[in-house]
Amino acid sequence: LKLKNKMENKLTHEDSLKLITGMISTAKGNVRQSDFHMILWGWVVMIVSFSHFMLMKYQVIAHPELVWFLMFPTLVVSLYVGFKLGRQEKVKTHLDTIYMWVLLAFIITMSLMLYYIGHTWQIISPMVLILAGYATFLSGTIIKYKPMIFGGISFWIWSLIAFSVGPYYGLLITSASILTGYLI
């Protein structure tokens, strides 16, 4: 009787494919619901990076890098909306969990990297773009979402350009990369 129940519970090849396809579709839907975060962070990073460049170029203030502290209120808004959206999700798939861990690993890695290389700000822009490319490409690959895959690749390309133009224009490259990596 136990053997018969085990055999009845086995999925056919077609059922397995349908189940996996359904999980990926659900995860894509859940990820697209959180597009808010990519758009929010994309606009804020683009504006702050461009503002840093302009403040530095025109020497408006002694410490133009302080404009990056605008990221903290953005973090508060992002966390609030994230918790709110998380409660509204009806289905949480394994792919959602993987996606969440990829983003958490990105945030931890980015934070550590900025802490360790913060004093050598000349390479911050290219390094951030490399990590953004990694997280965006991997996330897009996991959920099979081509715009994210292409966005990740564009971050990597922009990081090469940022390395070659130096830190001053790297801020402009960061702004441009956000357009192609997150917003378009």
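First, a word on scope: everything that follows refers to the structure included in this document. Computed from a prediction, not measured in an experiment: that's the story for all the values here.

1. A short note on helix H7 (residues 146-165)
Okay, step 1: With 20 residues, H7 extends 29 Å from end C-alpha to end C-alpha; this agrees with the ideal 28 Å at 1.5 Å per step.
Okay, step 2: All of the buried residues along H7 are Met-148, Ile-149, Gly-151, Gly-152, Ser-154, Phe-155, Ser-159 and Ala-162.

2. Examining a nonpolar patch on the surface
Okay, step 1: Together, Met-100, Trp-101, Leu-104, Ile-108, Leu-112, Tyr-115 and Tyr-116 make up a nonpolar patch on the protein surface, roughly 780 Å² of accessible area in all.
Okay, step 2: With respect to the secondary-structure elements, Ile-108 resides in helix H5 (residues 94-117).

3. Regarding the packing of helix H3 (residues 35-57) against helix H8 (residues 167-183)
Okay, step 1: Direction vectors running N to C along H3 and H8 enclose 160°, while the axes themselves pass 8 Å from each other. Looking at the two axes, H3 sits roughly antiparallel to H8. For the pair H3 and H8, the crossing hand works out as left-handed. Residues Met-38, Ile-39, Gly-42, Trp-43, Val-45, Met-46, Ser-49, Phe-50, His-52, Phe-53, Met-56 and Lys-57 of H3 lie in contact with H8, whose contacting residues are Tyr-168, Tyr-169, Leu-171, Leu-172, Thr-174, Ser-175, Ile-178, Leu-179, Tyr-182 and Leu-183.
Okay, step 2: Residue composition of the contact of H3 with H8, by class: 16 nonpolar, 5 polar and 1 charged.

4. Some remarks on the packing of aromatic side chains
Okay, step 1: This structure, assessed with the given rule, holds 7 aromatic pairs.
Okay, step 2: Judged by centre distance (5.2 Å) and plane angle (75°), the ring pair of Tyr-115 and Tyr-116 falls under edge-to-face.
Okay, step 3: For Tyr-115, a relative accessible area of 64% corresponds to the exposed category.
Okay, step 4: Note on Phe-155 and Tyr-182: the rings are 5.0 Å apart at their centroids and 75° apart in plane angle, and the pair reads as edge-to-face. Linking Phe-155 in helix H7 with Tyr-182 in helix H8, this pair joins segments that are 27 residues apart in sequence.
Okay, step 5: A residue is classified by how much of its surface remains accessible, and Phe-155, at 1% relative accessible area, is buried.

5. Concerning the side chain of Ser-78
Okay, step 1: Turning to its location among the elements, Ser-78 is positioned in helix H4 (residues 71-88).
Okay, step 2: Take Ser-78: its relative accessible area is 10%, and that puts it in the buried class.
Okay, step 3: In this structure the side chain of Ser-78 is engaged in a polar contact, spanning 3.1 Å, whose partner is the side chain of Trp-41.
Okay, step 4: The contacts of Ser-78, once residues within four sequence positions are left out, are His-37, Leu-40 and Trp-41.

Thresholds, definitions, all that
Residues numbered from 1 in each chain as written. Predicted model: local features only at pLDDT ≥ 70, side-chain atom pairs only at ≥ 80, totals over all residues. Heavy atoms only, no water. Helix = DSSP H or I, 4+ residues; strand = E, 2+ residues; numbered from the N terminus. Expected span 1.5 Å × (residues − 1). Buried < 20%, exposed > 50% of the residue type's maximum accessible area, 1.4 Å probe, protein only. Patch = residues over 30% accessible without salt bridge, like charges linked within 9 Å, V, L, I, M, F, W, Y side chains within 5 Å. Areas by Shrake-Rupley, 256 points an atom, 1.4 Å probe, with all protein chains shown as cover. Salt bridge = Lys/Arg side-chain N within 4 Å of Asp/Glu carboxyl O. Axes fitted to C-alpha atoms, helices over the stretch in contact; angles between N-to-C directions. Parallel < 35°, antiparallel > 145°, perpendicular 65-115°, else oblique. Left-handed = near helix turned anticlockwise from the far one by under 90°. Contact = heavy atoms within 4.5 Å. Nonpolar A, V, L, I, M, F, W, Y, C, P; charged D, E, K, R; others polar. Phe/Tyr/Trp six-rings, centres within 6.5 Å; stacked < 30°, edge-to-face > 60°. Polar contact = N/O pair within 3.5 Å; in protein donor to acceptor, adjacent residues only side chain to side chain.

Everything listed is a geometric property; what it means functionally is a separate question.
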